[in-house]
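A closer look at the structure
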Amino acid sequence: MKKAKRLAALLLAGLMAVSCAACSTPGEKQTTAAGTEAGGNASAETVSGSETGGEKIFRYSIATDVTTLDPQKCNETIAATIAYHMFEGLTRSVGGEVQPGIAESWDVSEDGLVYTFHLRDAKWSDGEPVTAEQFVYGMRRIVDPEVASTFAFIAKPLLNAEEITAGEMAVEELGVKAIDEKTLECTLAFPAPYFLQVLSMSQFYPTREDYVTQYGADFAANGDKNVYNGPFVLKEWRQNDRIILEKNENYWDAENVHLDGAEIIVVADDNTALAMYEQGELDYVLVPTDLIPNYPDAEFAYSGACDFIRLNTGSGPLANKNFRLALEYGLNRSEFITLSTNGYWEAATRFVLPLVGGVSKTYGEEFPYEAFPAEGDQELAKQYLQTALQELGFNDPSEITLDLMTTDDERTKKEAEVLQALLQDALGININISLVPRAERLSREDTGDYEMVVSGIMPDYPDPISFLESWETDSPYNHMSYSNAEYDALLEKAYADGNAESRFATLFEAEKTLMEDGAVIPLQYRMDARLLNPNMADVSYYFCGYTINFVHADKNV
């Protein structure tokens, strides 16, 4: 244990030296022009200067560009957040509260299986009416095997969705139909109390078949290759530079949209983004963990993300449950948090974010649980390791070498180096780090081309099932060859249960099963330290579905 602490102290000193080498004095405005290429993609034209002619433009940064703006294919929170502002579904989730969207009202059958939505008079950005049939088309695209949406699993509540995704039924058999232009009926396969929340997600947005047909593979590739029914339209998407939105004058509630537009700028380095905020070039920024002490006015809250190590359980040592549990108990998550985020993020001792909803309180309040001690349990880890070595036919842990893949930005590189040091020291195994661009990491995750990968999950809606459904054997988002019949059975039981108390109890049993199997290694719950331009008003945040909401924001210019 003393050896581990000495190693951790040395690693912390080295990592902090690296992380601060490129920074100016924390808390001071940096004089480096935002147009420099050091650490980011911001160019001299990143910001068009202060607002001219009274234009109200909200500007914030993202670390990497989105991979797609096709609503049914969105598979990341940054894209979902942008889509949230360009489109509108039947419902709109605002801070976890379901509000009417394009549907003014809806009726639900007594058995909770049939939802009938009554659409308001709404238009697309080209003036065409929004119709029920366009919702039907969009929902069919989610589950269409030819579209191959990685989020097809999100449509699971709809009748026949899974069979269609598996290629066993035609898309026309999906439990959704247009009664007339303004009436939509959705039939579910099982009661899903979170269904109205799900409908606010991008995958369920209406979609224009004429645009998909016209542009094919280039659909949604730029502003003129799609139309929009939300508060803003996509004016321009400059790949790896910025995404420019402008107000949609045809939005049904346009009179309550006060901004003229938004610029979402790709800035790879957190410190560069902070410097741009201090220079007035961004209106919103997250403070890097190393600099949080210098910003006491920053708003601090859960981002909703749970970072974890995804384990490819299909072959090799990671197919062995005892070896996986050795990793789980061998990792000192408290030390990991101290070394990688200076203690500002929270060690994840379970997988499901406790903040999601329960029966009447939060899930964490109703089902408290610590799957693994935050400090780890080195003795128990060694017992699991010794059993695993015997089962795997190894004489010494040093014979085992694993590859840990992560994105090649500074934060995740730092995290990987900390994990490498802690696990090697605790278990005596070898870990190689593979740093790859984010797009490559996502692609290799999707195809299972990895052993271990530092990944993250954010809930799509505030329900434990949003954390748990990805690990079913047949989930298209599994990507790690994980299969547990008991786990699958528990989720199926929860899906079919219309009683809130027993449903949540079953989900809790599923979470425990996942953890006791060592399926994934929970690492940390991310915490955001946010700075917002004081000239901005009515900007809000939430921990799932989107990260930032500026639909009704305003700016004093």
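Residues numbered from 1 in each chain as written. Predicted model: local features only at pLDDT ≥ 70, side-chain atom pairs only at ≥ 80, totals over all residues. Heavy atoms only, no water.

When its secondary structure is counted, the protein chain shows 16 helices and 21 strands. Taking 24 Å as the expected radius of gyration for a compact globule of 557 residues, we find that the protein chain reaches 24 Å, a close match to that expectation. With the C-alpha coordinates aligned to their principal axes, the bounding extent of the protein chain is approximately 70 × 60 × 45 Å. Across the 557 residues of the protein chain, 56% fall into the buried class. Taking as baseline every contact in the protein chain between residues at least 6 positions apart, the subset at least 24 positions apart corresponds to 70%. Counting 41 positive and 90 negative side-chain charges, the protein chain places the centres of these two groups 4 Å from one another. (Helix = DSSP H or I, 4+ residues; strand = E, 2+ residues; numbered from the N terminus. Rg over C-alpha atoms; globule rule 2.2 N^0.38 Å. Buried < 20%, exposed > 50% of the residue type's maximum accessible area, 1.4 Å probe, protein only. Contact = heavy atoms within 4.5 Å. Lys, Arg positive; Asp, Glu negative; His and termini not counted. Charge placed at Lys NZ, Arg CZ, Asp CG, Glu CD.)

Let us look at the packing of aromatic side chains. Counted under the stated rule, the structure contains 31 aromatic pairs. Centre to centre, the rings of Y84 and Y546 are 4.5 Å apart; their planes meet at 35°, and the pair counts as tilted. Here Y84 is found in helix α2 (residues 77-86), whereas its partner Y546 is found in the loop between β19 (540-541) and β20 (548-549), with 462 residues between them in sequence. Each member of the pair, Y84 as well as Y546, is classed as buried. Measuring from centroid to centroid gives 5.1 Å for F151 and F153, while their planes differ by 40°, and the two rings are tilted. Judged by its relative accessible area of 9%, F153 is buried. Here a set of aromatic residues connected by ring pairs shows up, and it is made of F58, Y60, F232, Y284, Y541 and F550. The ring of F504 has R503 sitting right over it, with the charged end atom 5.3 Å from the ring centre. Here the guanidinium or amino end of R530 rests over the ring plane of Y541, the centre of that ring lying 4.2 Å away. (Phe/Tyr/Trp six-rings, centres within 6.5 Å; stacked < 30°, edge-to-face > 60°. Lys NZ or Arg CZ within 6 Å of the ring centre and 35° of its normal.)

Turning our attention to a negative patch on the surface. Together, E55, E246, E249 and D260 line one region of the surface with negative charge. Inspection of the secondary structure puts E246 in strand β9 (residues 242-247). A relative accessible area of 33% places E246 in the partly exposed class. (Patch = residues over 30% accessible without salt bridge, like charges linked within 9 Å, V, L, I, M, F, W, Y side chains within 5 Å. Areas by Shrake-Rupley, 256 points an atom, 1.4 Å probe, with all protein chains shown as cover. Salt bridge = Lys/Arg side-chain N within 4 Å of Asp/Glu carboxyl O.)

Glancing now at the pattern of salt bridges. Scanning the model with the defined rule gives 33 salt bridges in all. For D283, the salt bridge goes to K555, with nearest N and O atoms at 3.0 Å. One end of the pair, D283, is in the loop between α7 (270-278) and β11 (284-286); the other, K555, is in strand β21 (residues 554-555), and 272 residues separate them in sequence. When sorted by exposure, D283 lands in the same class as K555, which is buried. The salt bridge partner of R350 is E511, with a shortest N-O separation of 2.7 Å. A residue pair is termed long-range when its members are at least 10 positions apart, and R350 in the loop between β13 (346-347) and α10 (363-366) and E511 in helix α16 (residues 500-516) qualify at 161 residues. The burial state of R350 is the same as that of E511; both residues are buried.

In this section: the state of the cysteines. Evaluated as defined, the whole model comprises zero disulfides. Not part of a disulfide, C74 finds its nearest cysteine sulfur in C544, a span of 16 Å. C74 provides the cysteine sulfur closest to C186, a residue in no disulfide bond, and the two sulfurs are 20 Å apart. (Disulfide = S-S within 2.5 Å.)

A few words now on the packing of helix α9 (residues 333-341) against helix α12 (residues 410-427). Direction vectors running N to C along α9 and α12 enclose 145°, while the axes themselves pass 9 Å from each other. Between α9 and α12 lies a crossing of right-handed hand. Residues E335, F336, L339 and S340 of α9 pack against K414, E415, V418, L419 and L422 of α12. Its residues assigned to classes, the contact of α9 with α12 comprises five nonpolar, one polar and three charged. (Axes fitted to C-alpha atoms, helices over the stretch in contact; angles between N-to-C directions. Left-handed = near helix turned anticlockwise from the far one by under 90°. Nonpolar A, V, L, I, M, F, W, Y, C, P; charged D, E, K, R; others polar.)

What follows deals with the nonpolar core. By size, the foremost hydrophobic cluster in this structure holds 157 residues, and its most contacted members are F117, M139, L158, L184, L245, F351 and L514. Contacts of L158, omitting those with residues within four sequence positions, involve M139, L174, G175, C186, T187, L188, A189, F195 and F204. In terms of nonpolar packing, the next biggest core, distinct from the first, is built from 15 residues, A273, Y295, A298 and A529 among them. (Core = buried A, V, L, I, M, F, W, Y, C linked by side-chain atoms within 4.5 Å.)

Contact pair helix α8 (residues 321-330) / helix α11 (residues 378-392): the axes reach a minimum separation of 8 Å and the direction vectors enclose 160°. Judged by the inter-axis angle, α8 sits roughly antiparallel to α11. With respect to the hand of their crossing, α8 and α11 are arranged in left-handed fashion. From α8, N322, F323, L325, A326, Y329 and G330 reach across to α11, where they touch Q378, L380, A381, Y384, L385, T387, A388, E391 and L392. Grouping the constituent residues of the contact of α8 with α11 by class yields 10 nonpolar, four polar and one charged. (Parallel < 35°, antiparallel > 145°, perpendicular 65-115°, else oblique.)

What follows deals with the confidence of the model for the protein chain. Looking at the protein chain, pLDDT values average 90 and 90% of them are 70 or higher. Counting contacts from residues 1-52, a segment whose pLDDT is below 50, to residues more than four positions away or on other chains yields 83 contacts. (pLDDT = per-residue confidence, 0-100.)

It is worth spelling out the side chain of S149 at this point. The residue S149 is located in the loop between α3 (132-143) and α4 (161-165) in this model. Only 3.1 Å separates the side chain of S149 from the backbone nitrogen of F151, close enough to count as a polar contact. Residues in contact with S149, not counting those within four places in the same chain, are Q72, K73 and I142. (Polar contact = N/O pair within 3.5 Å; in protein donor to acceptor, adjacent residues only side chain to side chain.)

Look at α3: 18 Å from first C-alpha to last across 12 residues, which is about the 16 Å you get at 1.5 Å a residue. Burial within α3 is extensive, with 10 of its 12 residues counted as buried. By the burial criterion, the buried members of α3 are A132, Q134, F135, V136, Y137, G138, M139, R141, I142 and V143. For α3, the secondary structure elements touched by its buried residues are β5 (114-119), α4, β6 (176-180), β7 (183-187) and α6 (209-215). (Expected span 1.5 Å × (residues − 1).)

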